[in-house]
Amino acid sequence: FRSEIWHKLAEAEDFNARVGIILDWLQTQTENTSRQEAIFSTYLSNAIEPSSVADLAQKLCYSVRQLNRKSNDLFGMSTEALINYKRYLTSLHMLHQQHQSLADIAYRSGFYDQSHFIHTFRDFTGITPLAYRKLKSGMTAHLFS
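Residues numbered from 1 in each chain as written. Predicted model: local features only at pLDDT ≥ 70, side-chain atom pairs only at ≥ 80, totals over all residues. Heavy atoms only, no water.

A. Here's a closer look at the overall build of the protein chain. Helix and strand content of the protein chain: 9 helices and 0 strands. Considering the protein chain as a whole, with its 145 residues, one finds that 34% of them fall into the buried category. (Helix = DSSP H or I, 4+ residues; strand = E, 2+ residues; numbered from the N terminus. Buried < 20%, exposed > 50% of the residue type's maximum accessible area, 1.4 Å probe, protein only.)

Have a look at this one:
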């Protein structure tokens, strides 16, 4: 099944099509889940940003450890990694849609500070947000060399 997803991603025309494929896959993975797991999945699709893993665990009535186990089971990564990925995606879209300072984008994306934003962005892309801004094309997540 996973190789089928990889093939679909490789054949997708653009970034938004890839995101759609992943969202569809996530939906199929969460169809037979508990109410708490469904809320967790819904959180990932919405703009609501918890302040921490502990905050999200409390909202879902899980312990932090239990939530991390569920996150790993459902998505293959820790809750903290999912939260950071969601923040990264938000910042990525802001870099394309708005002409704001990096500090404003960091804050509006839910990062603790600009340094945390830059570090996380570099972990996902290999470049800083400023370098991305200079190289970006008209399409999100596409760069000109």
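B. Expanded view of the packing of aromatic side chains. Within the structure shown, the criterion is met by 7 aromatic pairs. Taking 5.2 Å as the distance between ring centres and 45 degrees as the angle between the ring planes, the aromatic pair formed by Phe 111 and Phe 117 counts as tilted. Comparing Phe 111 with Phe 117 shows no difference in burial state: the two are buried. Ring geometry for Phe 117 versus Phe 121: centroids 5.9 Å apart, planes at 70 degrees, classification edge-to-face. One end of the pair, Phe 117, and the other, Phe 121, are both in helix 8 (residues 114–125), 4 residues apart, so they sit about a helical turn from each other. Of the residues examined, Phe 117 reaches a relative accessible area of 0% and is grouped as buried. For Phe 121, a relative accessible area of 0% translates into the label buried. Through a chain of ring-to-ring contacts, three or more aromatic side chains come together here, namely Tyr 85, Tyr 88, Phe 111, Phe 117, Phe 121, Phe 124 and Tyr 132. (Phe/Tyr/Trp six-rings, centres within 6.5 Å; stacked < 30°, edge-to-face > 60°.)

C. Just helix 3 (residues 35–45), in detail. Within helix 3, burial applies to Glu 37, Phe 40, Ser 41 and Tyr 43. Buried residues along helix 3 cover an arc of 150 degrees about the axis, so they all sit on one side. Along helix 3, exposed side chains directed more than 90 degrees from the buried face belong to Arg 35 and Ser 45. Those residues of helix 3 hidden inside the fold are in contact with helix 4 (53–60), helix 5 (64–75) and helix 6 (79–97). (Arc of directions from axis to C-beta. Contact = heavy atoms within 4.5 Å.)

D. Summary view of the nonpolar core. In this structure, Phe 40, Tyr 43, Leu 56, Leu 60, Leu 67, Phe 75 and Ile 83 are the most contacted members of the largest nonpolar core, which totals 18 residues. For this core, the secondary-structure elements that each account for two or more residues are helix 1 (2–11), helix 2 (15–29), helix 3, helix 4, helix 5 and helix 6. Sort the elements by how many residues they give to this core and helix 4 lands first, with 4 residues. Among residues more than four places away in sequence, those in contact with Leu 67 are Phe 40, Val 53, Leu 56, Ala 57, Leu 60, Tyr 62 and Thr 79. Of all hydrophobic cores here, the second largest spans 12 residues; its members include Leu 92, Met 94, Leu 95 and Tyr 132. (Core = buried A, V, L, I, M, F, W, Y, C linked by side-chain atoms within 4.5 Å.)

E. Expanded view of helix 5. With 12 residues, helix 5 extends 16 Å between its outermost C-alpha atoms, agreeing within 8% with the 16 Å of an ideal straight helix rising 1.5 Å per residue. Of the residues making up helix 5, those classed as buried are Leu 67, Ser 71, Leu 74 and Phe 75. Taken down its axis, helix 5 places every buried residue within 75 degrees of arc, on the same side. Exposed positions of helix 5 whose direction lies more than 90 degrees from the buried face are Arg 65 and Asp 73. Immediately beyond the C-terminal end of helix 5, within one or two residues, lies Gly 76, with a positive phi of roughly 75 degrees. (Expected span 1.5 Å × (residues − 1).)

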